[in-house]
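Breakdown of the fold
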Amino acid sequence: MTVAVLALQGAFIEHEQVLNHLGVEHIELRQASDLKKTFDALILPGGESTVQSLLLHEQNMFEPLKKRIEDGMPVLATCAGLILLASEIEGQETSHFATLPVKVRRNAYGRQLGSFHTESEVKGIGKVPMTFIRAPYVSETSPDVEVLAVVDNKIVGVRYNSQFAYAFHPELDDNTQIHELFLRSISAKS
Ligand code: GLN
């Protein structure tokens, strides 16, 4: 299995380090020609969703990736990645890939400083460390979206078919269980 990591902006190297640690083959997606390479799953890293979306369009990667996600390619999205997938963004007229039927609120989930660290349950794993950096949260979900994690009464982890999305940054902590859960779900499918 090969996992593609969107490497336009944000914390993509940290995801690659986790994949290295787990011995999972991966490639970086930086330009349209990278889409010709063979890959089975996608990681959308944290960073700045507006910039990532702009670069995806500039590099002519947006439509082909959207199509592949719609066709069922497994995706692990963290923070800005969650915003890229969400079908609705509060206070904005437009969304990005819109493949995940949830509404998100940007830069909204913060205790005091907007960035914090905690430990909380993720369905199917147990307690994991969670680092939030100017994180979004999920304010509404469609009924077929499974809620995986809730912190302070806010939804911070969801699954919809093959799309896993988290408001926090599992790649920044020394715990690989979020990635492992994702990888297990892919191998269970194939
Ligand atoms: N606030 C960022 C956004 O709106 C997301 C923050 C993050 O990825 N750490 O895209």
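Residues numbered from 1 in each chain as written. Predicted model: local features only at pLDDT ≥ 70, side-chain atom pairs only at ≥ 80, totals over all residues. Heavy atoms only, no water.

**Thoughts on the overall build of the protein**
Keep this limit in mind: Numbering goes from the N terminus for both helices and strands, where a helix is a DSSP run of H or I of at least four residues and a strand is a run of E of at least two. A 1.4 Å probe rolled over the protein chains alone gives each residue an accessible area, and that area as a share of the maximum for its type sets the label: buried under 20%, exposed over 50%, partly exposed in between. Note on contacts: a residue pair qualifies if any of its non-hydrogen atoms lie within 4.5 Å across the two residues. Per-residue and other accessible areas follow the Shrake-Rupley method at a 1.4 Å probe size, with only the shown protein chains counted as cover for residues. In this count, Lys and Arg are taken as positive residues and Asp and Glu as negative ones, while His and the chain termini are left out. Working definition for charges: the position is that of NZ of Lys, CZ of Arg, CG of Asp or CD of Glu.
Counting its regular elements, the protein contains five helices and 12 strands. When its C-alpha atoms are laid out on the principal axes, the protein stretches across 45 × 40 × 30 Å. The 190 residues of the protein split such that 54% are buried. For the protein, long-range pairs separated by at least 24 residues make up 61% of all intrachain contacts whose partners lie at least 6 apart in sequence. As presented, the protein carries roughly 8700 Å² of accessible surface, and 45% of it is formed by carbon and sulfur atoms. Taking the average place of the 17 positive charges on the side chains of the protein and the average place of its 24 negative ones, the gap between the two points comes to 2 Å.

**Structural notes on the pattern of salt bridges**
Basically, it comes down to this: Note on definitions: salt bridges are taken to be side-chain nitrogens of Lys or Arg within 4 Å of carboxyl oxygens of Asp or Glu.
For the coordinates displayed, the defined rule picks out nine salt bridges. The closest approach of N and O atoms between K37 and D34, which form a salt bridge, is 3.2 Å. Overall, the relative accessible area of 40% leaves K37 in the partly exposed class. Among the residues examined, D34 registers a relative accessible area of 7% and is labelled buried. Among the ionic pairs, R105 bridges to E90, the shortest N-O distance being 2.8 Å. One end of the pair, R105, is in strand β6 (residues 100-109); the other, E90, is in the loop between β5 (86-89) and β6, and 15 residues separate them in sequence. The class for E90 is partly exposed, based on a relative accessible area of 27%.

**With respect to the environment of N60**
Looking at where N60 falls in the secondary structure, it is placed in the loop between α2 (49-58) and α3 (62-70). Distance from N60 to T99, taken between C-alpha atoms, is 18 Å for residues 39 residues apart in sequence.

**Description of the site of the ligand**
We apply this condition: If a single non-hydrogen atom of a residue is within 4 Å of a molecule or strand, that residue counts as near it. What qualifies as a polar contact is a pair of N or O atoms within 3.5 Å, subject to a donor-acceptor requirement within protein and to the restriction that residues adjacent in sequence count only when both atoms come from side chains. We call Asp, Glu, Lys and Arg charged. Ala, Val, Leu, Ile, Met, Phe, Trp, Tyr, Cys and Pro are nonpolar, and the rest, Gly among them, are polar.
In the neighbourhood of the ligand, the contacting residues comprise G46, G47, E48, S49, C79, A80, I83, R106, N107, I133, R134 and H169. In this structure, an oxygen atom belonging to the ligand sits 2.7 Å away from a side-chain N or O atom of R106. Here a nitrogen atom of the ligand and a backbone polar atom of I133 are 2.9 Å apart. Here the ligand loses 96% of its free accessible area of 300 Å² to cover by the protein chains. Class assignment for the residues of the shell around the ligand results in four nonpolar, five polar and three charged.

**Let's talk about the UniProt feature "active site" (unreviewed entry) in the protein**
Selection criterion: UniProt positions are given in the numbering used here, feature names are shortened, and annotations may be inferred rather than shown by experiment.
Annotation from UniProt places "active site" (unreviewed entry) at C79, H169 and E171. A compact arrangement is adopted by the annotated residues: their sequence extent is 93 residues, whereas the largest C-alpha distance between any two is 10.8 Å. The residues touching C79, leaving out its near neighbours within four places in the chain, are G46, I133, A135, P136, Y166, A167, F168 and H169. By the element assignment, E171 lies in the loop between β12 (163-166) and α5 (177-189). Not counting the four nearest positions on each side in its chain, E171 is found in contact with A11, E14, H15, V18, G46, T78 and H179. Here H15 takes part through its side chain, which lies 3.4 Å from a polar atom of the side chain of E171.

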